[in-house]
Amino acid sequence: MTDSKFNKPQKLLQKLWEFLCCQQGVKSCCDCHWFQEKKISKSDIQHSVHNPRLDSTSSHSESVSSRDRVDSIDSRARTDSTSSTGTLMNDYRRAGKTPIIDMKPIEFWAANRESIQPRPKRRHPSEAEISVENFQRELYEVNKSEGLTDEQKLVRYQLGQIHFGLQYDVSEKVLMVKIIEAKDLPAPYCLDKERQDMARSNPYCKISLLPDQKNSQQSTVQRKTQDPTWNEYFMFEIPYKEAQMRILEILVKDFDKYSRHCVIGQFHLALNSVKLIKGGHMWKPLSPSSKERHDLGEILLSLNYLPSAGRLNVDIIKAKQLLQTDLVGGSDPFVKVTLTINDKIMKCKKTTCKKNTIDPVFNESINFNVSPRQLANASLVVSVWDYNSKSKDDFVGRIVLGKMATGPHEITHWSRMVQSQRSAIAQWHSLRTRQECDAVSAASIAVP
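All figures in this text were calculated on a predicted structure; none of them were measured in a lab. (Residues numbered from 1 in each chain as written. Predicted model: local features only at pLDDT ≥ 70, side-chain atom pairs only at ≥ 80, totals over all residues. Heavy atoms only, no water.)

1. Describing the environment of glycine 397
Condition: The secondary structure listing takes helices from DSSP runs of H or I that are at least 4 residues long and strands from runs of E that are at least 2 residues long, numbered from the N terminus. Categorising residues by exposure relies on relative accessible area from a 1.4 Å probe, with only protein chains included: less than 20% of the type maximum marks a residue as buried, more than 50% marks it as exposed, and the intermediate range marks it as partly exposed. Residues count as neighbours in contact if any of their non-hydrogen atoms are within 4.5 Å of one another.
Among the structural elements, glycine 397 can be located in strand E15 (residues 394–402). Residue classification places glycine 397 among the buried positions, given a relative accessible area of 0%. When the C-alpha positions of glycine 397 and leucine 431 are compared, they lie 5.1 Å apart, and in sequence the two are 34 residues distant. Among all residues touching glycine 397, those that are not within four sequence positions of it are Leu296, Val382, Ser383, Val384, Leu431 and Arg432.

Encoded structure:
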């Protein structure tokens, strides 16, 4: 309301001024009279400046009418108001200037352009390279028992049967495997002629979820029977979806204190073919093992070298699934670590003995004084033994680290320790037989 009150006197004064100007007979006595006659709107300026080729929405009639309005402006008035309209038009052009677009094609592939090289010609092997000895037979082996039924496997192999149960607990996320019993196992002389007892077996089971063989579990040993009964439960903590991707492996092995443990038979079951949540029991025939196994167990070691103090620290953390050497109960394992320099024994230390277990936990540290110059020629012989109070200790397995290492894993562990000094480096190692170590390491031969 206040704005309208103030605008009314202004409008009256403007009309009075225009009336006086028109009475004098002057058409363009002031700017107000000029703009009243012309009344150039923003749309007129826009049509006069805008390029119709860049504006797809403007029509031809609108462009023609805009040009007629501009041409009808009096030439004399145009010359008088050149400064005012020119300034207005230039300001508008600066404000609404259309950007210049570079329409050249953009090569998006220029940054990631790769040089295309001609494919090398494939070299065909010569006749001397083609021989039966060069073929790897294990790559072309076919499991002939896959197409056989359970009855045909039982008649063909005659290795007996295994009775077991399966069930998955969803709330606990645990797969339960129950090894119940086995029957009609073959006599030891049918499998190994070097056995001391040819009449009766000492069977036990080893359960794994393939392809993971490191987290396997083992049953007790049943003495001198071909129809053993276990009724033992084994738990595997694993998600349900992952369990369906695993293969249950049951190995039935024959314990022998004086020779290697012979594999009587095996059974593989894809868990995605079984209703795990519902569970159930089943009898399945045993098949022969595909390859000879030397499962001596694994040991977890941590190495740390301090060059300033000239000290080598060896932490014996734990071991698992060690080869059982006692028929009744578990083993009594301990670890003996021997330092050799240039195939000469410098120092020998051992851990305490863990009673009645094949999965011992030691958490013990052993130190050796080794100078940086001696470290290049040093080797560590780590041996696992089973303690016997009334007889000689039984050898379980060993590995060699350092200059005379027994394998690629041992070499990697030692090199990591040398490269990252003052830092503890831990790694699992699979135990080897004495014959395997003596064949590749002179340090193993030097240690009894």
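What follows picks up the thread again.
2. Quick notes on the side chain of aspartate 332
Note the following rule: Charge counting follows a simple rule: Lys and Arg are positive, Asp and Glu are negative, and His as well as the terminal groups are ignored. Each reported salt bridge corresponds to a side-chain nitrogen of Lys or Arg within 4 Å of a carboxyl oxygen of Asp or Glu.
Following the sequence through the fold, aspartate 332 ends up in the loop between strand E10 (311–320) and strand E11 (333–341). Despite its burial, aspartate 332 pairs with no opposite charge, the nearest such side chain being lysine 355 at 4.6 Å. Leaving out residues up to four positions away in the same chain, aspartate 332 has contacts with Asp326, Cys353, Lys354, Lys355, Asn356, Trp385, Asp386 and Tyr387.

3. Let's talk about the confidence of the model for the protein
Rules: The score called pLDDT rates the predictor's confidence residue by residue, from a low of 0 to a high of 100.
Per-residue pLDDT for the protein averages 77, and the proportion of residues at 70 or more is 64%. Segment residues 72–89: pLDDT under 50, and 17 contacts once partners within four positions in sequence are set aside and those in other chains are kept. pLDDT under 50 marks residues 138–142. Its contacts with residues more than four places away, or in other chains, come to one contact.

4. Topic: the packing of aromatic side chains
Convention followed: The pairing test for Phe, Tyr and Trp rings, Trp by its six-membered ring, is centres within 6.5 Å, and the orientation test on the planes gives stacked under 30 degrees, edge-to-face over 60, and tilted for anything in between. Any Lys NZ or Arg CZ that is within 6 Å of a ring centre and within 35 degrees of that ring's normal is treated as a charge sitting over the ring.
One pass over the structure, following the stated rule, counts three aromatic pairs. Here the aromatic rings of phenylalanine 164 and phenylalanine 267 are separated by 5.6 Å at their centres, their planes lie at 45 degrees, and the arrangement is tilted. Of the two residues, phenylalanine 164 sits in strand E1 (residues 161–169) while phenylalanine 267 sits in strand E7 (residues 262–270), which places them 103 residues apart along the sequence. With respect to class, phenylalanine 164 is no different from phenylalanine 267; both count as buried. It is lysine 320 that lies over the ring of tryptophan 428; its NZ or CZ is 4.6 Å from the centre. Over the ring of phenylalanine 334 we find lysine 350; its NZ or CZ atom is 5.4 Å from the centre of that ring.

5. Quick notes on the nonpolar core
Note the cut-off: For our purposes a nonpolar core is just a set of buried Ala, Val, Leu, Ile, Met, Phe, Trp, Tyr and Cys residues, chained together by side-chain atoms within 4.5 Å.
Judged by nonpolar contacts, the single largest core of 31 residues is most densely connected at Ile299, Leu312, Ile316, Phe368 and Leu380. Aside from chain neighbours lying at most four places away, what touches phenylalanine 368 is Gly310, Arg311, Leu312, Val314, Val337, Leu339, Lys347, Lys349 and Leu380. Among the nonpolar cores identified, the runner-up in size contains 29 residues, and Ile238, Val252, Phe267 and Leu286 belong to it.

6. Quick word on the sheet that holds strand E3 (residues 203–210)
We count it as follows: A pair of strands is treated as paired once DSSP finds two or more bridges between them. Angles shown run from 0 to 180 degrees and are taken between the N-to-C directions of axes, each axis being a line fitted to C-alpha atoms and, for helices, limited to the stretch in contact.
Spatial strand order, E4-E3-E6-E7: four strands in an open sheet with antiparallel pairing. Edge positions in the open sheet fall to strand E4 (212–218) and E7, since each of these has one partner strand only. The sheet shows a mean angle of 25 degrees between the axes of neighbouring strands, taken without regard to direction. Pairing analysis gives eight bridges linking strand E6 (residues 247–254) to E7, with the strands arranged antiparallel. Each bridged residue has a counterpart across the sheet, and for leucine 251 the counterpart in E7 is glutamine 266.

7. Examining unusual backbone geometry
With an omega of 10 degrees, the peptide bond running from leucine 210 to proline 211 counts as cis. For proline 211, the location among the structural elements is in the loop between E3 and E4. Look at glutamine 158: it is not a glycine, yet its phi comes out positive at around 55 degrees. By the secondary structure assignment, glutamine 158 is in the loop between helix H7 (150–157) and E1. A residue is classified by how much of its surface remains accessible, and glutamine 158, at 56% relative accessible area, is exposed. A positive phi angle is found at asparagine 363, which is not glycine, with a value near 55 degrees. Examined against the element boundaries, asparagine 363 turns out to sit in strand E13 (residues 361–369).

8. Quick look at the pattern of salt bridges
Here the idea is simple: oppositely charged side chains can pair when their charged atoms come close. The full count for this structure, using the stated rule, is four salt bridges. Arginine 246 is the partner of glutamate 242 in a salt bridge, and the nearest nitrogen-oxygen pair spans 2.7 Å.

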